[in-house]
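Spelled out, the chains give:
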Amino acid sequence: MTEMSDYEMSLPIYCSAKANKLIMQYVFQGLEIIRLTETFTFNPKEGIDNPVMVTIEDADSVSTPSPRLCVLKRDEGESYGFNLRVERGRQGHIVRNVVSGGVAGFSGLKDGDRLLEVNNCFVEDIPHPEVAGKIRLSGNQLCLLLLDGEEYEQAVSRGEDLQSLVSAHKGEGCRPPRLCHITRDPASGLGINFTPVEGTGGRFSVSLAAGGAAEKAGVCKGDHLVWIDGTTVSDFTHSALSRMIKKCGNHITILVIDGESEKNYLRQRRPILPAMAVPHNLPHRARRLHLVSEADTYGFLLRLEKAASGRKSHVLRAMESGSPAEKAGMKDGELLLEVNGEAVESLKHEEIVDRVRQSGEQISLTTISLVGLEFYTQLGLSPLLFCEDAAVEREKESSVSASAAEQAPQKEMDDSCKLRYCSVRKGPLGFGFNLDSVPQGPGTFISQMAFGGSGQRAGLCVGDVVMEVDGQNVEDKSLEDVIMLVKEGGHFISLLVMYKTNMRREQTDTPTRDIPDSEVKK
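Quick caveat, the model's predicted, so the values are computed rather than measured.

K.L.:
Would you explain the overall build of the protein chain in this entry?
P.N.:
Summing up its helical and strand segments, the protein chain has 15 helices and 26 strands in all. When the accessible area of the protein chain is evaluated, it comes to approximately 27,100 Å², of which 49% is carbon and sulfur surface.

Here it is in structure tokens:
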């Protein structure tokens, strides 16, 4: 080879066609021009057979990151067999210590993987304790979407939108399932029938009585049944399902999904889990209470009490009149589930009291009634899956005056129904609001707001009806469709909203649907 300058070099040229198949590659920093010092002859019978003419893949070419779905199933009391960590100097929720031969290892998790979704909820922008909580609340089955650690770091370095990457991977037509509680009507019964899907076993379509109990509870025509009262129906015969319906009494709780979405879930081998569901008409919900101390007290007592069943619970008692506890909506006899987002189930009573005392001027408590806890226990679900903010309950109570507002002068109606745009940028904990809708009623509205969150700073208020999402009209869209549009909006969304003081709320005991990357803290 001849001497090379900064911008030229000579490559050896081989005369033999067979020898020309040997490619010698030289890489030099700063090289911009390759000057050939030899020529070659083109033989049309053999084609171009020169190494410098061989097309090789550009070293700078970038492959699209490929997320992978891992479904974990464990036995009662068994560990999933991995840790989830945040590490200094590294981004994302990192999978570590995958146990060889354990549930996670068998399901395909690898050390260094980054977690993108938990049960269809995008978690990249969610605080680590909340992500860990979602895994804990999922029970014995878990659906995770992961990205290889190296691919993740390359994607982040290129500034790729990971949520768009996830949306592209999942494709369209994957609406969330719905968890619906149906109360038997004395005259028309449950208002629902199930028909086996032709050519399949353990799959049943839904038919409804118009205006019946099931339709009012959020079940839709053409839905497919996934789960009933805590039991999946994939192994049921039609006769077995019919017997179960007869034994259910006056109430059933079912998990349903529209037929097209079910096909997409099955195609992707994605399980359909209650933890993914939009709740409808559930009779009991855990509540988040936000207390601000006055005169160094919250005004309630916390007692450890033993029920007749022998179960011990941390019970809220003795709310003082006019105290922060009473103002927040605390009820005597409610059970304490969380303190500032931390579950108290495994804590000693003294440890819980210490956490309350160390909270300072403000505290967040998650509570539920004893009957409510029993309801979720029978279903095999955690009551923390479907929480609502106590402020929503107060909003419902204030809606009693809605009918009077309908009779107000038109000017007052106009003042209460003004349209406004709110631009919301996702914060460290998300957009900071939850959405809800009234079953069989029009419109999706803001049902919960995180105090000091992005939504509140943008001017959103509880009760705002969402008219547009990023310029797309959503007045006639379902709650699930609006949630999908918000999720697909990325890190910045523009909402056209209208605050209606006269909005009907007679049926707003339907639990709110948390947007997956919600900023509302437990």
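From this point, the discussion proceeds with the structure in view.
K.L.:
Sorry, what's going on with the packing of aromatic side chains here?
P.N.:
All told, the structure shown has two aromatic pairs when counted by the stated rule. Where Phe375 meets Tyr376, the ring centres are 5.1 Å apart and the plane angle is 80°; that geometry is what we call edge-to-face. Like Tyr376, Phe375 is buried. With 6.3 Å between their ring centres and 35° between their planes, Phe431 and Phe433 make a pair best called tilted. Each of the two residues, Phe431 as well as Phe433, counts as buried. Looking at Arg74, its charged tip hangs above the ring of Tyr80, at a distance of 4.1 Å from the centre.

K.L.:
What is the right way to look at the environment of Thr200 in this model?
P.N.:
By the secondary structure assignment, Thr200 is in the loop between strand S8 (192–196) and strand S9 (204–208). Thr200 sits in the partly exposed class, given a relative accessible area of 32%. A sequence separation of 34 residues divides Thr200 from Ser234, and the C-alpha atoms of the two residues are 9.8 Å apart.

K.L.:
Would you mind going over the nonpolar core with me for this structure?
P.N.:
Nonpolar side chains in soluble globular proteins tend to end up buried together. Among the nonpolar cores identified, the biggest contains 27 residues, and Leu179, Trp227, Leu255, Tyr376 and Leu381 are the most heavily contacted of them. Listing elements by their share of this core, those giving two or more residues are strand S10 (223–228), strand S12 (251–258), strand S17 (335–339) and helix H10 (370–379). Looking at which element gives the most residues to this core, the answer is H10, with four residues. Here this core spans two domains, and each of domain 2 (178–280) and domain 3 (287–389) adds at least three residues to it.

K.L.:
Help me out: how do you make sense of unusual backbone geometry in this one?
P.N.:
It is generally the case that most residues other than glycine have a negative phi and that most peptide bonds are trans. In this model, Ala318 sits at a positive phi of 55°, which is unusual for a non-glycine residue. Counting through the fold element by element, Ala318 comes out in the loop between strand S16 (312–317) and helix H8 (324–327). For Ala318, a relative accessible area of 41% puts it in the partly exposed group. One non-glycine residue with positive phi stands out, namely Asn340, at about 50°. Here Asn340 shows up in the loop between S17 and strand S18 (342–343).

K.L.:
Sorry, what's going on with the environment of Asp464 here?
P.N.:
Looking at the secondary structure, you find Asp464 in strand S24 (residues 464–469). Sequence spacing of Asp464 and Leu419 is 45 residues, and the spatial spacing of their C-alpha atoms is 9.5 Å.

K.L.:
Looking at this structure, I do not really get H10. What am I missing?
P.N.:
Side chains that are three or four residues apart share a direction in an α-helix, a result of its 3.6 residues per turn. Residues Gly372, Leu373, Phe375, Tyr376 and Leu379 constitute the buried set of H10. Across the axial projection of H10, the buried residues extend over an arc of 155°, all falling on one side. Set apart from the buried face of H10 by more than 90 degrees, the exposed residues are Val371 and Gln378. For H10, the secondary structure elements touched by its buried residues are strand S7 (178–183), S10, S12, S17 and strand S19 (362–368). Note on H10: the residue one or two positions beyond its end, Gly380, has a positive phi of about 75°.

K.L.:
Any chance you could explain the pairing of S7 here in plain terms?
P.N.:
The two faces of the sheet receive side chains in turn, since in a regular strand these alternate between them. Across the six residues of S7, five count as buried, placing the element largely inside the fold. Pairing between S7 and S12: six bridges, direction antiparallel. Across the sheet, residue Cys180 finds its bridge partner in S12, namely Ile254. With three bridges connecting them, S7 and strand S13 (residues 278–280) associate as parallel partners.

K.L.:
Is there a simple way to explain the pattern of salt bridges in this structure?
P.N.:
Side-chain pairs of opposite charge can arise whenever the charged atoms involved come near each other. Enumeration according to the criterion identifies 21 salt bridges in this entry. The residue Glu294 makes a salt bridge to Lys327 at a minimum N-O spacing of 2.9 Å. Taken together, the residues span a long stretch of sequence, with Glu294 in the loop between strand S14 (286–292) and strand S15 (301–306) and Lys327 in helix H8 at a distance of 33 residues. A relative accessible area of 35% places Glu294 in the partly exposed class. Across the salt bridge formed by Arg355 and Glu342, the nearest N and O atoms sit 2.8 Å from each other.

Conventions adopted
- Residues numbered from 1 in each chain as written.
- Predicted model: local features only at pLDDT ≥ 70, side-chain atom pairs only at ≥ 80, totals over all residues.
- Heavy atoms only, no water.
- Helix = DSSP H or I, 4+ residues; strand = E, 2+ residues; numbered from the N terminus.
- Areas by Shrake-Rupley, 256 points an atom, 1.4 Å probe, with all protein chains shown as cover.
- Phe/Tyr/Trp six-rings, centres within 6.5 Å; stacked < 30°, edge-to-face > 60°.
- Buried < 20%, exposed > 50% of the residue type's maximum accessible area, 1.4 Å probe, protein only.
- Lys NZ or Arg CZ within 6 Å of the ring centre and 35° of its normal.
- Core = buried A, V, L, I, M, F, W, Y, C linked by side-chain atoms within 4.5 Å.
- Domains from an automatic or database assignment.
- Arc of directions from axis to C-beta.
- Contact = heavy atoms within 4.5 Å.
- Pairing = 2+ DSSP bridges.
- Salt bridge = Lys/Arg side-chain N within 4 Å of Asp/Glu carboxyl O.

Spatial relationships are all this shows, so hold off on functional conclusions.
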